[in-house]
Amino acid sequence: MEPSGSQIPPTVPVAAEEPIDLRRYWEILLKRKWVILLVFLGAVSVVSVVTLRQKKIYSASASMIIESTTPQVLGEGVRDAVDLGTGQYWYSKEFYETQYKVIRSRAIAQKVVEQLGLNRDLAFLGLDKLPPELQAKALEKVDAAAMVQGRILVEPVKDSRIVNVRIEDTDPERAAILANAVANAYMQANLERRVEGTKDAAEWLQDQLSDLKTKLATSELALFNFRKENDLIYATLENKQTISSQKLLAINDTLTKVRTRRAELDAKVKAIKAARDSGDIQRIMQLGVVATNGFINQLKLNYASASNEVADLAERYGPEHPKMRAAAEKLRNAKQSLTNEIDAILGASLGEYDELVQTDKNLQAMLEDVKRESFENNKKEIDYKRLARDEENTSRLHDLVLKRMKELDLSALLKVNNVRILDAAKPSLAPIKPNVRTNLSLAAVLGLIAGIALAYLIEYQDRSIKGHPDVEALGINFLGLIPSIPGGDPAHPMLRDLYIEKQPKSSVAECCRTIRTNLLFLSPDKPPRTMLVTSAGPQEGKTTTLINMGITLAHGGNRVLLVDTDMRRPRLHRSFGVSNEKGISNLIVGEGSLEDCVKTTEVPGLFVLPSGPVPPNPAELLHTDRFKELSAKLCERYDRVIFDSPPVGAVTDPLVLANHVDGTLLVVKMFRTDKDVADRAVKSLRDANARLMGAILNDVDIDMRQYFLGYYYSYGRYYGEGKERA
C-alpha cells in the first residue's frame, strides 16, 4: 500500500538557553559513582603503599640567638676590627640572610664532618650494607660535606632573632648530634673570623703607624720653615689679612660715596654747561642749583624792581633824563650782580665735580695697592694652610691609629660573640616523614577530585542519546518515552514484552498511552493505519516498543496486527509464544492463507503475523508487488497494521518498508544509541522518502530526573513501579 499524504514536517521547537541545573550535575555524579569510587580508592591505595614503604625520617632542631651587634664590653667607643653584626634597621635583613647562607655553607658542613669524623661513618654515608671489599672504593667517591650541607635547614623564627638549625636523618640520635654540631661550628667560625680579623688589622695598623710618625715629623718641620721665611713668628697671616680687609672695606666705602656724589653732579654739570653755552639767562635761571639759591632769588627781585622802575620812568622821561640814566645804571648793576652770582654758583658746581673726579682716581689707585697686598697675603695663606693642614691631618691620623692600636690590643684579649645557643637539639621520638595522615588526606582529596573530573569527562565524551533534547536535535518529533521495564529474562521475552498487559497501571503503560495519543494527534483527520517501527542500531528495543504500541492501540478498541518483517532475526513469535512455521514470507511467495498465518494473542484485539521461514533475500521479497497487495489486504481487515523491521544501519529492509507504510517510528535507546548513528539513520530514512512521524526514547530510568523527566517522574510515584493497583 502506498503511503498517503505528504511527509509530516518536523515541529521541533527551538530550545531556549536553560539555567544551570545543579541537580543534573549531581545526577551525573550518582551515575558515575563507581568511576569516582574506583579512582578514589586507587589513589588512596597507591599513596598508602608508597607512604608505608618510605623510610622514616626524624628531625632535630637546635635554636640559636643571633644578635645584630656584638656585646660592647669595653664601652660603645671601642669597636671591634670585624663587625659581627649591624645595628642599622635597613641592613638587618641583609645581615640575617647572609648569616643563614653561612650556616648552610659548605665551610660549616666541612667543620662538622671533621669534628664528628663523618667521612668515615659508614652508617651516615649509607655504605654500611655494602660488602667490605666495595666500601673502600665507595668512601673515595662519597662527599660527606655535601651530604651534611644538603641536610641543613635554617628556619628563622618570625619577629625575633632566634634561628632554628634543623637536621633530618633516618636516625633520631644522629639528627640531634648533627644539629648541635652545626650550631657549634657556626659559633666557632663566627668567633674565629673576629679573632683573625683583629689580628690582621693590628698588623696593618702597626705598619701605618711607623709611616705616620715619619710624615708627621716632616710636615712639622716644613710648617716651621714657612713661618720663619715669611716673618710670621709674632704676627700671623690672619692678622695681616684682617688689616687688609679693613682697608679694603674703608676704601670701598669712601669710593662708593664719591662715585655716588659724582653721579649726582654729572647730570647737573652737563645741564649747567649746556645752559651757559646757550647764553640764555632764562634757561640758566631755571637750573635747579640757581633756582633754589636764596641770594639769587633776592638778586632776581632787585633786577625785577630795577626793570619796573626803568619802565615807569620811560613813560614820563626821555632816555637822557638824569632819573632815567640813574634807573638805567641801577638796572645794569642789578643784572651784573645777578650774572656774577650765577657764574660763581656754576663755577662752584663745576669745581666740586672736578674735585670728585680726582678723588675717584686717587681712591682707585689706593684700592689696587691694597688688593695687591691682599692677594699676596692670600697666596701665603694658601701655602700656610696647606702645610698646616698636612701637619694637622698627619697628627690626627697618627693619634687615631695609635688609639685604634690600643683598642685592638684590648679586643684581642676578649672572646665575645654575637651568637649563642638557646636550646640544644634533642632526639625526636616521632618521625616527621612520611606523614601518613597528611599523605592519605591529600590522596583522598586529589583522588576525589580526579574521580569527579574523570566522571564529568566520561559523561561529556559520551555521545549517546541522553534525553529528549538529543532526540529533538535530530530534527524529528519527540513522541514520548518508555521507562525501563523491570525484571525480564532474555530466555523468556514474554515476561518483558507483555509487561504492560500484566501491569496496565504502571508508568510504562501510561507512557505508552501518551505515545499513542501523540501519534493520533499528529494527523487527527486521517490517522496513520500502517506504521513501521525501526531503530538506528540493534538491541535498542524496537520489537518491545512495537509490542507495547500494539497492546496500547488494542486497549483503545482497535483491531491491531503486528507484522514481523524482520525476516533476518524474527522475534515476535517468541514474544507471544506462537508458531513461526508459517508467516509473511509464505504469504509473499503465495503459500498459505491469512487465516492460517495470522495468530491471535492473549491481548484482545491484538493479532500477530510472524515472519515465517527466514528467506535468503528479505529485501527482494519486500520489493515485490505481492507484498504491496498483501499490505493493502491487511489494511482492509485491521484498523492498525504495525510492521517490525531490522535496524536502519544494518540492512536496507527498513528503507524499502518505509515506502509502503503511512508513517515510520524510530526507536532510540537511552545511553545506548549514538547520536551520530541516530542522525545517519534519520538522514537515510529521509533520503528514502520515508514519512517520519517521530522518535520514541526507550529504556529510560525515570528516577534520573536531570534528563528532562520532570512530569514523567510523577508516573512512577503515583502508580508505583512494578505494582498493580486494584
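Residues numbered from 1 in each chain as written. Predicted model: local features only at pLDDT ≥ 70, side-chain atom pairs only at ≥ 80, totals over all residues. Heavy atoms only, no water.

*Asks:* How should the overall build of the protein be read in this particular structure?
*Replies:* Helices and strands together make up the secondary structure of the protein, namely 27 helices and 12 strands. Here the protein holds 726 residues, and 42% of them are scored as buried. Relative to all contacts within the protein whose residues are 6 or more apart in sequence, the contacts with residues 24 or more apart total 81%. Summing over all exposed atoms, the protein offers an accessible surface of approximately 40200 Å²; the carbon and sulfur share of this is 55%. (Helix = DSSP H or I, 4+ residues; strand = E, 2+ residues; numbered from the N terminus. Buried < 20%, exposed > 50% of the residue type's maximum accessible area, 1.4 Å probe, protein only. Contact = heavy atoms within 4.5 Å. Areas by Shrake-Rupley, 256 points an atom, 1.4 Å probe, with all protein chains shown as cover.)

*Asks:* Which parts of the structure should I look at to understand empty space enclosed by the protein?
*Replies:* Where empty space is left can be seen by rolling a probe of water-molecule size over the atoms. According to the stated counting rule, one finds 4 cavities of 30 Å³ or more in the structure shown. Put simply, the second largest cavity is a space of about 50 Å³. Taken together, R516, L519, L520, P528, M531, L553 and R640 form the lining of the second largest cavity. Considering every element that reaches the lining of the second largest cavity, the biggest residue donor is helix 18 (residues 507-522), with 3 residues. (1 Å grid on protein atoms, 1.4 Å probe; cavity = no way out; pocket = protein on both sides within 12 Å on 5 of 7 lines; lining within 4 Å. Points joined across faces, edges and corners; volume = space filled by probe spheres on them.)

*Asks:* Is there a simple way to think about the packing of helix 2 (residues 33-53) against helix 14 (residues 436-461) in this case?
*Replies:* When two helices pack together, their arrangement is given by the angle between the helix axes and the distance between those axes. Taken N-terminus to C-terminus, the directions of helix 2 and helix 14 make an angle of 150°; their axes are 7 Å apart at the nearest point. In terms of axis orientation, helix 2 runs roughly antiparallel to helix 14. Considering only the axes of helix 2 and helix 14, their crossing is right-handed. (Axes fitted to C-alpha atoms, helices over the stretch in contact; angles between N-to-C directions. Parallel < 35°, antiparallel > 145°, perpendicular 65-115°, else oblique. Left-handed = near helix turned anticlockwise from the far one by under 90°.)

*Asks:* For this particular structure, what's the right way to read a nonpolar patch on the surface?
*Replies:* Taken together, the side chains of L442, V445, L446 and I449 define a hydrophobic patch exposed on the protein surface, amounting to about 370 Å² of accessible area. Residue placement: V445 occurs in helix 14. (Patch = residues over 30% accessible without salt bridge, like charges linked within 9 Å, V, L, I, M, F, W, Y side chains within 5 Å. Salt bridge = Lys/Arg side-chain N within 4 Å of Asp/Glu carboxyl O.)

*Asks:* I would appreciate a short explanation of the pairing of strand 12 (residues 692-700) in the present structure.
*Replies:* On a regular strand, each side chain points to the face opposite its neighbour's, so the side chains alternate between the two faces of the sheet. With 8 of 9 residues buried, strand 12 lies mostly within the body of the structure. With 5 bridges connecting them, strand 5 (residues 478-483) and strand 12 associate as parallel partners. What sits directly across from F478, in strand 12, is A695. Where strand 11 (residues 663-669) and strand 12 come together, 6 bridges link them in parallel fashion. Along strand 12, the bridge assignment pairs L665 with G694. (Pairing = 2+ DSSP bridges.)

*Asks:* For this particular structure, what's the right way to read the sheet that holds strand 12?
*Replies:* To summarise the sheet geometry, strands pair through backbone hydrogen bonds and adopt either a parallel or an antiparallel arrangement. Read from one edge of the open sheet, 8 strands run 5-12-11-6-10-7-9-8, paired in mixed fashion. Every interior strand has two partners, whereas the edge strands, strand 5 and strand 8 (599-600), have only one. Note: strand 8 against strand 9 (residues 606-609), 2 bridges, orientation antiparallel. Note on strand 9: the bridge partner recorded for T600 is F607.

*Asks:* Explain the nonpolar core to me, please; I cannot follow it from the model alone.
*Replies:* Ranked by internal contacts, the top residues of the largest apolar core, which has 46 residues, are L561, V563, I584, L609, L634 and L697. Once you skip the residues sitting within four places of it in the chain, I584 turns out to touch V563, D564, T565, M567, L609, P610, S611, G612, F627 and L630. Counting residues in each nonpolar core, the second largest holds 36 residues, with A144, A175, V182 and A425 among its members. (Core = buried A, V, L, I, M, F, W, Y, C linked by side-chain atoms within 4.5 Å.)

*Asks:* Please explain the packing of aromatic side chains as it appears in this structure.
*Replies:* Centre-to-centre distance and the angle between the planes together describe a pair of aromatic rings. Applying the stated criterion across every chain, the model contains 4 aromatic pairs. Between Y96 and Y100, the aromatic rings sit 6.4 Å apart at their centres with planes inclined by 35°, giving tilted as the arrangement. On the criterion of helical spacing, the pair formed by Y96 and Y100 is a turn pair, its members being 4 residues apart in helix 3 (residues 92-103). With a relative accessible area of 11%, Y96 lands in the buried category. Taken together, the ring pairs in this structure connect F95, Y96 and Y100 into an aromatic cluster. (Phe/Tyr/Trp six-rings, centres within 6.5 Å; stacked < 30°, edge-to-face > 60°.)

*Asks:* I would appreciate a short explanation of helix 19 (residues 542-555) in the present structure.
*Replies:* Structurally, the α-helix is built with 3.6 residues per turn, so residues lying three or four positions apart point the same way. For helix 19, with 14 residues, the first-to-last C-alpha span of 20 Å sits near the 20 Å given by 1.5 Å per residue. Here helix 19 lies mainly inside the structure; 13 of its 14 residues are buried. Following helix 19 by one or two positions, G557 adopts a phi angle in the positive range, close to 95°. (Expected span 1.5 Å × (residues − 1).)

*Asks:* Honestly, the pattern of salt bridges in this entry has me stumped. Any pointers?
*Replies:* Pairs may arise between side chains of opposite charge once their charged atoms sit close together. All chains considered together, the criterion is met by 18 salt bridges. A salt bridge links R151 to D169, with the shortest nitrogen-to-oxygen separation between them at 2.0 Å. Taken as a pair, R151 in helix 7 (residues 144-151) and D169 in strand 3 (residues 162-169) lie far apart in primary sequence, 18 residues in all. With relative accessibility at 22%, the residue R151 sits in the partly exposed group. For D169, a relative accessible area of 1% corresponds to the buried category. Across the pair R626 and E629 runs a salt bridge, and its minimum N-O distance is 4.0 Å. Here R626 pairs with E629, and both are found in helix 24 (residues 625-637), just 3 residues apart, close to one helical turn. For R626, a relative accessible area of 41% translates into the label partly exposed. A network of salt bridges, in which partner residues are shared, links E155, R166, E168 and K433.

*Asks:* What is the right way to look at the sheet that holds strand 4 (residues 419-423) in this model?
*Replies:* With antiparallel pairing, the 4 strands of this open sheet are ordered in space as 2-3-1-4. Edge positions in the open sheet fall to strand 2 (152-156) and strand 4, since each of these has one partner strand only. Neighbour-to-neighbour, the strand axes of the sheet open up by a mean angle of 30°, direction not taken into account. Summarising the sheet, strand 2 and strand 3 pair through 5 bridges and their orientation is antiparallel. The partner of V154 across the bridge, within strand 3, is V165. Where helix 3 meets the sheet, it contacts strand 1 (58-66), strand 2 and strand 3, and its direction lies at approximately 140° from that of strand 1. Where helix 7 meets the sheet, its contacts fall on strand 2 and strand 3, and the angle it forms with strand 2 comes to roughly 30°.

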